[in-house]
Amino acid sequence: MKIDFAGKKAIVCGGSKGIGRAIALGFAACGGDVSICAREPKSLEETRGEIARLGHKAHAASADLSKGDAVRGYVRDAVAALGGCDLLVNNASAFGSTDDDKGWTSSLAVDMLSIVHATQEALPALRQSQGSVVNISSISALHPAARQPPYGAIKAAVIHYTVTQAAMYAKDRIRVNCIAPGSIEFPGGVWDRRKTDNPALYNGTLASIPFGRMGLPEEVANVALFLASPLASWVTGQAIAVAGAQGL
């Protein structure tokens, strides 16, 4: 069964690289208009151009998602540029790893509060479209995260908040779901860098994945597109691991 997003509009926070980029391109390939934001202008413009070449409206803006006003301003501008919002994807992460104020503050601001700010700003448009929200968590939320305490704890909070959002917005016919990816590799991403700067960690993590490989951004995007589509019309408040049995 084909997923068709013709006439639909998606806003992807953290959409220039990796999982966010794959979701944005996948949505556009299915016929939809897309807005993306990120902090790095070069990759942002490159991805915007890729979306535009698929023949649909492409909007992009640089935004620091650790700042609430910046998040709200971006979402407000994106809704105006697209003419609405049917899908909000909250994908940004600070990848906070240090068990200190810096690690916790960055994780809380980007991984958690940006979801709060973006969703609240998008709510009027989502109510009008009876759209959906997809939050990106991590399988680190499901297990002890001794290597990166803030990241795991905040990603666990993302799952909890997803279920709460689903309960709050069900009356508006807005569905809210969450994806918990495992280790995802792409050029320039965390695991691509670890191959060089920490090969022991990379190889140890790779050996722990029963499928014998890292995941691809497109494999997470496919689940996000399903959750945003009418095929998932009775699915809300769920956290779906996309991890090749990693962590089981």
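Note that the structure is a prediction, hence the values are computed from the model and not measured.

Peer 1: So, the pairing of strand β4 (residues 87-90): which residues are in play, and what are the values?
Peer 2: Along β4, one buried face is formed by Leu87 and Val89 and the opposite face, lined by Leu88 and Asn90, is buried too. As defined by bridge partners, strand β1 (residues 9-13) adjoins β4 across four bridges and the pair is classed as parallel. If you follow Ile11 over to β4, its bridge partner there is Leu88. Sheet topology note: the β4/strand β5 (residues 132-136) ladder contains four bridges and is parallel. If you follow Val89 over to β5, its bridge partner there is Val134.

Peer 1: If you had to explain the pairing of β1 to someone new, which residues and values would you point to?
Peer 2: Among the five residues of β1, five are classified as buried, and the element is accordingly described as predominantly covered. Burial along β1 is two-sided: the residues Lys9, Ile11 and Cys13 and Ala10 and Val12 are all buried. Sheet analysis places β1 next to strand β2 (residues 33-38), joined by five bridges and oriented parallel. Bridge pairing links Ile11 to Ser35 in β2.

Peer 1: Tell me about helix α7 (residues 199-207), and name the residues and values.
Peer 2: Every buried residue belonging to α7 is among Leu201, Tyr202 and Thr205, and all of these are buried. Buried residues along α7 cover an arc of 100° about the axis, so they all sit on one side. Within α7, the exposed residues directed more than 90 degrees away from the buried face are Ala200 and Ala207. Buried residues belonging to α7 abut α6 (190-197).

Peer 1: Residue-level account of the packing of helix α4 (residues 101-129) against helix α5 (residues 149-169), with values.
Peer 2: At their nearest, the axes of α4 and α5 sit 8 Å apart, and the two run at 20° to each other. Between α4 and α5, the angle falls in the class roughly parallel. Of the two possible hands of crossing, α4 and α5 adopt the one that is right-handed. The segment α4 lies against α5, with Gly103, Trp104, Ser107, Leu108, Asp111, Met112, Ile115, Val116, Thr119 and Leu123 engaging Pro149, Pro150, Tyr151, Ala153, Ile154, Lys155, Ala157, Val158, Tyr161, Gln165 and Tyr169. Classifying every residue of the contact of α4 with α5 gives 15 nonpolar, four polar and two charged.

Peer 1: Could you give an account of the sheet that holds β1, naming the residues involved and the relevant values?
Peer 2: Ordered by their spatial adjacency, seven strands build an open sheet running β3-β2-β1-β4-β5-β6-β7, and the pairing between neighbours is parallel. Edge positions in the sheet fall to β3 (58-62) and β7 (239-242), since each of these pairs with one other strand and no more. Going across the sheet, the axis of each strand differs from the next one's by a mean of 15°, ignoring polarity. In the packing of α4 onto the sheet, the strands contacted are β1, β4 and β5, and the crossing angle to β4 comes to about 180°. Against the sheet, helix α8 (residues 217-228) makes contact with β4, β5, β6 (175-181) and β7, and its axis sits at roughly 170° relative to β6, the strand it touches most.

Peer 1: Tell me about the environment of Ala146, and please be specific about residues and values.
Peer 2: Relative to the elements of secondary structure, Ala146 occurs in the loop between β5 and α5. Remark: the alpha-carbon pair of Ala146 and Thr98, spanning 48 residues in sequence, is separated by 9.9 Å.

Peer 1: Tell me about the packing of aromatic side chains, and name the residues and values.
Peer 2: If you walk through the whole model with that rule in mind, you get three aromatic pairs. Ring centres 4.3 Å apart and planes at 15° place the aromatic pair Phe5 and Phe27 in the stacked group. Separated by 22 residues along the polypeptide, Phe5 in the segment before β1 and Phe27 in helix α1 (residues 18-29) bring together distant segments of the chain. Look at Phe5 and you get buried, because its relative accessible area is 3%.

Reading guide: rules and limits
Residues numbered from 1 in each chain as written. Predicted model: local features only at pLDDT ≥ 70, side-chain atom pairs only at ≥ 80, totals over all residues. Heavy atoms only, no water. Buried < 20%, exposed > 50% of the residue type's maximum accessible area, 1.4 Å probe, protein only. Helix = DSSP H or I, 4+ residues; strand = E, 2+ residues; numbered from the N terminus. Pairing = 2+ DSSP bridges. Arc of directions from axis to C-beta. Contact = heavy atoms within 4.5 Å. Axes fitted to C-alpha atoms, helices over the stretch in contact; angles between N-to-C directions. Parallel < 35°, antiparallel > 145°, perpendicular 65-115°, else oblique. Left-handed = near helix turned anticlockwise from the far one by under 90°. Nonpolar A, V, L, I, M, F, W, Y, C, P; charged D, E, K, R; others polar. Phe/Tyr/Trp six-rings, centres within 6.5 Å; stacked < 30°, edge-to-face > 60°.

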